[in-house]
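If you want the building blocks of each chain, they are given just below.
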There are 2 protein chains.
Amino acid sequence: VALLVAAEIIAVGSELLTPTRVDTNSLFITERLNACGIAVRAKTVVGDSRADLAAVLTSALARVDLVVLTGGLGPTDDDLTREVVSQVLARPLHEDPALVERLRARFARRGLDMPEINRRQALVPEGAEVLSNANGTAPGLWLEDGSKVVVLLPGPPREIRPMVDALVASRIGPRAGGTVIVTRMLRVAGYTESHAEQAAMPLYARWRDERRPIDATTLAAPGSIDFHLTARAPTPVEGQRLLAAAVAELAGAFGDAAYSNDGRSMEEVVGELLRTSRLTLAAAESCTGGLLTSRLTDVPGSSAYVERGVVAYSNQAKIDLLDVPADLIARHGAVSEPVAAAMARGVRVRAGAAIGVGITGIAGPEGGTREKPVGTVAIAVEGPWGAGVSTRTFPGDRAQIKFSATQAALDELRRALLRWQRGS
Amino acid sequence: VALLVAAEIIAVGSELLTPTRVDTNSLFITERLNACGIAVRAKTVVGDSRADLAAVLTSALARVDLVVLTGGLGPTDDDLTREVVSQVLARPLHEDPALVERLRARFARRGLDMPEINRRQALVPEGAEVLSNANGTAPGLWLEDGSKVVVLLPGPPREIRPMVDALVASRIGPRAGGTVIVTRMLRVAGYTESHAEQAAMPLYARWRDERRPIDATTLAAPGSIDFHLTARAPTPVEGQRLLAAAVAELAGAFGDAAYSNDGRSMEEVVGELLRTSRLTLAAAESCTGGLLTSRLTDVPGSSAYVERGVVAYSNQAKIDLLDVPADLIARHGAVSEPVAAAMARGVRVRAGAAIGVGITGIAGPEGGTREKPVGTVAIAVEGPWGAGVSTRTFPGDRAQIKFSATQAALDELRRALLRWQRGS
């Protein structure tokens, strides 16, 4: 049996060619194929056109061992993946009586007659094997043609995921080349992309030349630089050991700025630190409008440490809810370090929480001045370790400024918790 | 000169074939091409491999009039789009001295010498025209080969966008077929996808058979069903008139559930209603953790109507900050309609705001009971029109439940504001 080394993914459906839709199935499939050592060499989205799909499929079959098609297996005339595969591989379609019965039974369980149109979903190209679909009517198909394998899968992600997992375990994994592709991510806060790359460059250069080379790419997300490390290894365990050493080396270059080495988000990392510290938190937000508390409470179990949040958009709310002295606002302005510090203190004291966070700034697009331009944000964190406040200026639009400000506040909090855990 | 009717888009770069990256440039390019009547028939992502890119490009050139390539124009060895295009079209590369000078000047403006490696970016296939790039070093290229056009663009979205806009205005638009593709979206709240489709079906059927057919697809987003309508017309004005009539018809089938016919988000629509009503709002959130206030304050100018938000995660916070009677919580539970109503009332009265919103629920994954499963959310809205409260159960994970609950609360508020504006 020929090994499967390289794959292409083809998503079928005109709706995936509109300006608002993205093919996400290919990301999941890529991850699963990479995990068993199969490289994805190209991926294509093609509309519901017989000629176009036939050309794309023919071209892919000339280049790779495995072609995975998603979508176009529904019951309507638009759904032409079965027909085109049958035509390109010269394998006539036959109705599979067992499949017709399975489809009928599926409808019957919901108390429905099967519409005649669904019989199309029981058509199988000669020599193809049926892959069962627990979450939908469209079965998948597995077709070997000489040394090539063609897999047909439905379009909905919910249906595809378990089918791909089953396929990789039973059919694809055993045919893969004996090496695995492993990946890991290190996330760093408080660096620009170019400064982060500069710090990582010497490691990149060395990793490229090692016996088992490690491939690294940098992705700049808002408030985070994410390093994606990839390597090939004979086994997953060996691959993970290789990457663990590389991630540790890379993390060493960034010290406390490296906040996550296992894919966790900033709010998950901070949540874990809060839980293990047994400290509660209260947040007072102005320009971020509740986003900080919302991110913290995205984490399951966060009710254990998030005591409350206050969104004090108006000056009066800052005075009433957070005991910010009116004359402090008058003297320094609502966007100032003294006001941020008073907000953190006020919410902490009122809530009886261990930690208070205060954020005040100008998210724009209006409200900027020469002295305090749009993006200016003051962030204060007060806890059992003491109080700190700082001011930054974030680039971008309103949404980016809001997010960056919450990211910086979470990062301040994380570093304070780390120092405190080490000291206590 | 041959008309440009159909296009394919090819994104070049191995990093776009990893499980975490998506090619978003093609969405923007599709939108701009569609706007001048050019259909995108397929799009492909291909890695940094000469053979693969050559095969994909050759295959595309056989099918369409216009091929747009993005990425692979950088200065390094990995960047091979120029070379492959030159080879596939048999157009040798020549260094363009004017381009070398432009690159040198670009570096000089930043006080830097141009690295020799960047000379690669001045290589131009015979007969190609240079497209200037205001935001980066990699120039674009325009190449006509018989009736076919090949366009090479850099990868970064920031660089591509102005280049595509300029191209469409100066070169592509004038060569397009004289019809335009226009699109419009109608958004509906409070319907399931299948119920929304059922209501729209009779219109879909009629539109398909009209002289100028309207194509409609349904996209289920969390808390929103979005109808995307597309039509071809001789001019943008005519197209928009056609779609305006169709959108009005479709909106008629949904009454007040149709909340946006111009692409605006729910929070923008509610923000507009609040502004025109001159009413202020205060929000009291439990399970949504600040997301409601955060979404409301995503809208520029929202400080005019968002007075404050309170995230009262703990019972004590509900009592202290919102005057929810302790015995009400004891009697009905924190997740109950009486408590939601008391939260809305409490935050409204304390803030002196015109409107109060209260949300309390179980976002999961823990905390559900037989009687109140995960996803149960009570939503209360109180305003000058009176008070209302209701309970729903939302499906999905924690993030989906949080989002759906804020969407339902915003929708309640929107309907109340609409009724009030009509009555007053």
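Everything numeric here is computed off the predicted structure, so don't read it as measured data.

**Considerations on the pairing of strand E10 (residues 214–221) of chain B**
Residues and elements named next belong to chain B. For E10 and strand E11 (residues 224–233), the ladder comprises 8 bridges, and the chain directions are antiparallel. Within E11, the residue paired with Ala221 across the bridge is Ser224. Between E10 and E11, which follow one another and run antiparallel, lie 2 residues, and Gly223 among them has a positive phi close to 70°.

**A closer look at the pairing of strand E13 (residues 281–285) of chain B**
Residue and element names in this part refer to chain B. Burial within E13 is extensive, with 5 of its 5 residues counted as buried. Burial along E13 is two-sided: the face carrying Leu281, Ala283 and Glu285 and the face carrying Ala282 and Ala284 are both buried. Pairing of E13 with strand E14 (residues 306–312) involves 5 bridges; the strand directions are parallel. What sits directly across from Leu281, in E14, is Val306. Following the backbone out of E13, through helix H9 (residues 291–296) and into the adjacent parallel E14, one traces a crossover that is right-handed. Pairing between E13 and strand E15 (residues 355–361): 5 bridges, direction parallel. Its bridge partner being in E15, Leu281 is matched across the sheet by Ile355.

**Describing the environment of Thr179 of chain B**
Residues and elements named next belong to chain B. Tracing the backbone shows Thr179 in the loop between helix H5 (157–172) and strand E9 (180–188). Thr179 sits in the partly exposed class, given a relative accessible area of 29%. For Thr179 and Gly37, which are 142 residues apart along the polypeptide, the C-alpha to C-alpha distance reads 5.3 Å. Dropping the residues within four chain positions of it, Thr179 is found in contact with Cys36, Gly37, Arg232, Ala233 and Pro234.

**Re the pattern of salt bridges**
All names here are of chain B. Scanning all chains against the criterion turns up 58 salt bridges over all chains. With a closest N to O distance of 2.8 Å, Glu272 and Arg275 form a salt bridge. With Glu272 and Arg275 both in helix H8 (residues 266–277) and 3 residues apart, the pair spans about one turn of that helix. Given a relative accessible area of 31%, Glu272 falls into the partly exposed group. The salt bridge partner of Glu307 is Arg308, with a shortest N-O separation of 2.9 Å. When its relative accessible area of 14% is taken as the criterion, Glu307 is described as buried.

**Considering helix H3 (residues 81–88) of chain A**
Judged by how many residues are buried, H3 of chain A sits mostly within the fold: 6 of 8 residues are covered. Residues of H3 of chain A that are buried include every one of Thr81, Arg82, Glu83, Val84, Val85 and Ser86 of chain A, and no others.

**Considerations on the packing of helix H2 (residues 50–61) of chain B against helix H3 (residues 81–88) of chain B**
Residues and elements named next belong to chain B. At their nearest, the axes of H2 and H3 sit 10 Å apart, and the two run at 50° to each other. If you check the angle between H2 and H3, you find them oblique. Judged by the twist between their axes, the crossing of H2 over H3 is right-handed. Contacts between H2 and H3 involve Arg50, Leu53, Ala54, Leu57, Thr58 and Leu61 from the former and Thr81, Glu83, Val84, Val85, Gln87 and Val88 from the latter. For the contact of H2 with H3, the residue count by class is 7 nonpolar, 3 polar and 2 charged.

**Some words on the side chain of Ser336 of chain A**
All names here are of chain A. Note on placement: Ser336 falls in the loop between helix H11 (326–332) and helix H12 (337–351). Note on Ser336: relative accessible area 8%, which makes it buried. Once residues lying within four places of it in the same chain are set aside, the contact partners of Ser336 are Thr360, Lys372 and Ala378.

**Regarding the confidence of the model for chain A**
In the predicted model, chain A carries a mean pLDDT of 92, and 100% of its residues have values of at least 70. On the interface metric, ipTM, the complex scores 0.78, and its pTM is 0.80.

**As for the sheet that holds strand E6 (residues 129–131) of chain A**
The strand order across the open sheet formed by 12 strands is E6(A)-E7(A)-E8(A)-E3(A)-E1(A)-E2(A)-E2(B)-E1(B)-E3(B)-E8(B)-E7(B)-E6(B), and the pairing between neighbours is mixed. Two strands in the sheet have a free side with no partner beyond their single neighbour: E6 of chain A together with strand E6 (129–131) of chain B. Put simply, the sheet's adjacent strands are angled 15° from each other on average, direction ignored. One ladder, built from 5 bridges, connects strand E7 (residues 140–145) of chain A with strand E8 (residues 148–153) of chain A; its direction is antiparallel. Bridged to Asp145 of chain A within E8 of chain A is Lys148 of chain A. Each of strand E1 (6–12), strand E2 (39–46), strand E3 (66–70) and E8 of chain A together with strand E2 (39–46) of chain B is contacted by helix H2 (residues 50–63) of chain A, which is oriented at about 170° to E1 of chain A, the strand it contacts most. Along the sheet face, helix H1 (residues 25–35) of chain B touches strand E1 (6–12), E2 and strand E3 (66–70) of chain B and points at about 160° away from the line of E2 of chain B.

**As for the environment of Ala253 of chain A**
Residue and element names in this part refer to chain A. Along the chain, the position of Ala253 falls in helix H7 (residues 236–254). According to the relative accessible area criterion, Ala253 is partly exposed, its value standing at 36%. Taking the C-alpha atoms as reference points, Ala253 and Ala200, 53 residues apart in sequence, are found 7.4 Å from one another. Excluding residues that lie within four positions of it along the chain, Ala253 makes contacts with Tyr191 and Ala199.

**Some words on the sheet that holds strand E12 (residues 258–260) of chain A**
Residue and element names in this part refer to chain A. The 4 strands lie next to each other as E10-E11-E9-E12, forming an open sheet whose pairing is antiparallel. On the outer flanks of this sheet lie strand E10 (214–221) and E12, each paired with one strand and no other. Pairs of neighbouring strands in the sheet enclose a mean axial angle of 35°, with direction left out of account. Contacts from H7 reach strand E9 (180–188), E10, strand E11 (224–233) and E12, with the element oriented near 20° to E9.

**Some words on helix H10 (residues 315–322) of chain A**
Every buried residue belonging to H10 of chain A is among Ala317, Lys318, Leu321 and Leu322 of chain A, and all of these are buried. Angular distribution of buried residues about the axis of H10 of chain A spans 105°; they occupy a single face of the element. Residues of H10 of chain A that are buried make contact with strand E13 (281–285), strand E14 (306–312), H11, H12 and strand E15 (355–361) of chain A together with E14 of chain B. Taken from the residues just after H10 of chain A, Asp323 of chain A is the one with a positive phi, measuring 55°.

**Some points on the packing of aromatic side chains**
This structure, assessed with the given rule, holds 8 aromatic pairs over all chains. On the numbers, 4.8 Å between centres and 80° between planes, the contact of Tyr191 of chain B with Phe254 of chain B is edge-to-face. Pair noted here: Tyr191 of chain B is in the loop between E9 and helix H6 (193–208) and Phe254 of chain B is in helix H7 (residues 236–254), with a separation of 63 residues, a long-range link. Classification of Phe254 of chain B as buried rests on a relative accessible area of 5%. For the pair Tyr204 of chain B and Trp207 of chain B, a centre-to-centre distance of 6.3 Å together with 25° between the ring planes defines the contact as stacked. Remark: Trp207 of chain B and Tyr204 of chain B occur in helix H6; sequence separation between them is 3 residues, near one turn of the helix. Comparing Tyr204 of chain B with Trp207 of chain B shows no difference in burial state: the two are buried. Taken together, the ring pairs connect Tyr191, Phe227 and Phe254 of chain A into an aromatic cluster. Its end group placed over the ring of Trp142 of chain A, Arg171 of chain A keeps NZ or CZ at 5.2 Å from the ring centre. Arg161 of chain B extends its terminal NZ or CZ atom over the ring of Phe28 of chain B, reaching a point 4.3 Å from the ring centre.

Calculation criteria
- Residues numbered from 1 in each chain as written.
- Chains lettered and ligands numbered in written order.
- Predicted model: local features only at pLDDT ≥ 70, side-chain atom pairs only at ≥ 80, totals over all residues.
- Heavy atoms only, no water.
- Pairing = 2+ DSSP bridges.
- Helix = DSSP H or I, 4+ residues; strand = E, 2+ residues; numbered from the N terminus.
- Buried < 20%, exposed > 50% of the residue type's maximum accessible area, 1.4 Å probe, protein only.
- Right-handed = clockwise from strand over helix to strand, strands pointing away.
- Contact = heavy atoms within 4.5 Å.
- Salt bridge = Lys/Arg side-chain N within 4 Å of Asp/Glu carboxyl O.
- Axes fitted to C-alpha atoms, helices over the stretch in contact; angles between N-to-C directions.
- Parallel < 35°, antiparallel > 145°, perpendicular 65-115°, else oblique.
- Left-handed = near helix turned anticlockwise from the far one by under 90°.
- Nonpolar A, V, L, I, M, F, W, Y, C, P; charged D, E, K, R; others polar.
- pLDDT = per-residue confidence, 0-100.
- Arc of directions from axis to C-beta.
- Phe/Tyr/Trp six-rings, centres within 6.5 Å; stacked < 30°, edge-to-face > 60°.
- Lys NZ or Arg CZ within 6 Å of the ring centre and 35° of its normal.

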